[in-house]
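# Descriptive structure summary
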Amino acid sequence: MATVSERLSILVVTARPDQRRSTEVLRLLVEYLERRPDARVTVWFLRSDPDGGDDPPWPGSRVVDDLRTWWPTRPLVGGTGRRIADALRGARLRWWLREARPDVVLLDDGLGDRVLDPWPRPVFRAVRTNPDPPRGVEMEPPPLTTGDVVIGSRPVEHDDGTPHLVLPVLRRRSLALPMARPGERTRVRAALGIPEEAQLVVGWGEDAWIDGTDLFLRTLWALGERHGVEPHALWLGLSSDRHEADRIRTEAARCGLADRFHLHPLTEEVQRYAGDAVLLPTRVPGEDAELILNALCVGQVVVATADDHLPDGTVPMPPLDVEAAGEALCDGLAGDRVERFERSRLLDIDEWLDHDGWVERLARLAGR
């Protein structure tokens, strides 16, 4: 295990604690680094405006713009006073830098290189590029577009001689990942009354028409009738409407699913991920992409109504096409779930960063 003196010190400089997806991914990276014994991370925001829509600054972070209104400089006015105030702010910034003692400075959006002006030591600059610029970017000097390493969100072919790293747009999926463990799946299935060894297709929703509960049942009918595959089926929802629940059970019996159909309220989020496949035949596209990513992350096949915003790895079905959905489920269920999990668990950012050796690669590039 690395000692404190051997830790790679990383200073992250980013525009503001805004709600861009790239900022959320950056925060997940920071939390990942904070848990590692071989890294030390410090976060500085250039600005923060909670009244203007920003989130609060992250715990333990600093806001560079706060130096402008730092209380010891407020009484200092006039030409001489302003020079003294600037000197005090500069001394304060140097103290912050001495405290961080960065080996690597990650400049998010390429912004913030100005904060290194008073720092005499050489540092390794990592410039991160993002698809959407932050609010107020015009208040900063032009961003750097290259550095000692460039960090992007996806692999790209480069021929400029600059090293490149990837920080993908992923989430931490700690809720879903335990469902990859047999013991947790067994517990959840037992509570739902589903045989442990049975293949299971899961769907969810509270509006039977919009969420396509009848399409879900008819797809399961097509799966058995056309392909001879007869998994159990679990629908999570409709608990508040007894009339609709009775209608759905009757429809399941008509489709020959009476002994394999389970209708339950959604009481635990992990219930969504207890199956081998997820089928979401919504009539109105727009299913929550995060729920789909969670399902993919634990190796489930996901078939959903075609939509431009479906995550990569989802199998799109044409609207109302139960035959196509049944065929997609047949193909997906024929695969090995454990093998799917080994591939798709890398949709979790912690798993991906571990697998990619991201910190180790950054340290090597920085000469550590």
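To be clear, the structure that these remarks concern was listed above.
From a predicted model like this one, the values you see are computed outputs, not experimental measurements.

Moving on, we come to the sheet that holds strand 7 (residues 164-166). Reading across the sheet, the 7 strands line up as 3-2-1-4-5-6-7 and stay open at both edges, with parallel pairing between neighbours. Two strands close off the open sheet at either side, each with one partner strand: strand 3 (62-63) and strand 7. Here helix 11 (residues 358-365) sits on the sheet and contacts strand 1 (8-14), strand 2 (39-45), strand 4 (104-108), strand 5 (124-128), strand 6 (149-152) and strand 7; the angle it forms with strand 7, its principal contact strand, is near 165°.

Moving on, we get to the state of the cysteines. Across all of its chains, the model carries 0 disulfides by this definition. Take cysteine 330: it sits in no disulfide, and the sulfur closest to it among the cysteines is that of cysteine 255, at 18 Å.

So, about the pattern of salt bridges. Scanning the model with the defined rule gives 37 salt bridges in all. With a shortest N-O distance of 3.7 Å, glutamate 290 and arginine 21 are connected by a salt bridge. With glutamate 290 in helix 7 (residues 289-297) and arginine 21 in helix 1 (residues 21-34), this residue pair connects regions lying 269 residues apart in the sequence. With relative accessibility at 31%, the residue arginine 21 sits in the partly exposed group. A single salt-bridge network, built from bridges that share partners, covers Arg21, Glu24, Arg171, Arg173 and Glu290.

The subject of this paragraph is helix 11. Within helix 11, the full set of buried residues consists of Trp358, Val359, Leu362 and Ala363. Summarising the axial view, the buried residues of helix 11 lie within an arc of 135°, below the 170-degree limit, and thus occupy one face. Directly beyond the C-terminal end of helix 11, a positive phi value near 80° is found at glycine 367.

What follows concerns the packing of helix 5 (residues 213-227) against helix 6 (residues 242-254). Where helix 5 meets helix 6, the closest approach of the two axes is 9 Å, and the angle between their N-to-C directions is 20°. One way to sum up the angle between helix 5 and helix 6 is to call them roughly parallel. Classified by chirality, the crossing of helix 6 by helix 5 is right-handed. Of helix 6, the residues touching helix 5 (which contributes Thr213, Leu217 and Arg218) are Ile248, Glu251 and Ala252. Tallied by class, the residues present in the contact of helix 5 with helix 6 amount to 3 nonpolar, 1 polar and 2 charged.

A positive phi angle, close to 40°, is found at arginine 101, a residue other than glycine. Position of arginine 101 among the secondary structure elements: in the loop between helix 2 (78-100) and strand 4. Positioned with a positive phi, aspartate 109 is a non-glycine residue whose angle comes to about 60°. Along the chain, the position of aspartate 109 falls in the loop between strand 4 and strand 5. With a relative accessible area of 12%, aspartate 109 lands in the buried category.

Conventions adopted
Residues numbered from 1 in each chain as written. Predicted model: local features only at pLDDT ≥ 70, side-chain atom pairs only at ≥ 80, totals over all residues. Heavy atoms only, no water. Pairing = 2+ DSSP bridges. Helix = DSSP H or I, 4+ residues; strand = E, 2+ residues; numbered from the N terminus. Contact = heavy atoms within 4.5 Å. Axes fitted to C-alpha atoms, helices over the stretch in contact; angles between N-to-C directions. Disulfide = S-S within 2.5 Å. Salt bridge = Lys/Arg side-chain N within 4 Å of Asp/Glu carboxyl O. Buried < 20%, exposed > 50% of the residue type's maximum accessible area, 1.4 Å probe, protein only. Arc of directions from axis to C-beta. Parallel < 35°, antiparallel > 145°, perpendicular 65-115°, else oblique. Left-handed = near helix turned anticlockwise from the far one by under 90°. Nonpolar A, V, L, I, M, F, W, Y, C, P; charged D, E, K, R; others polar.

That's the geometry; what it means functionally is another story.
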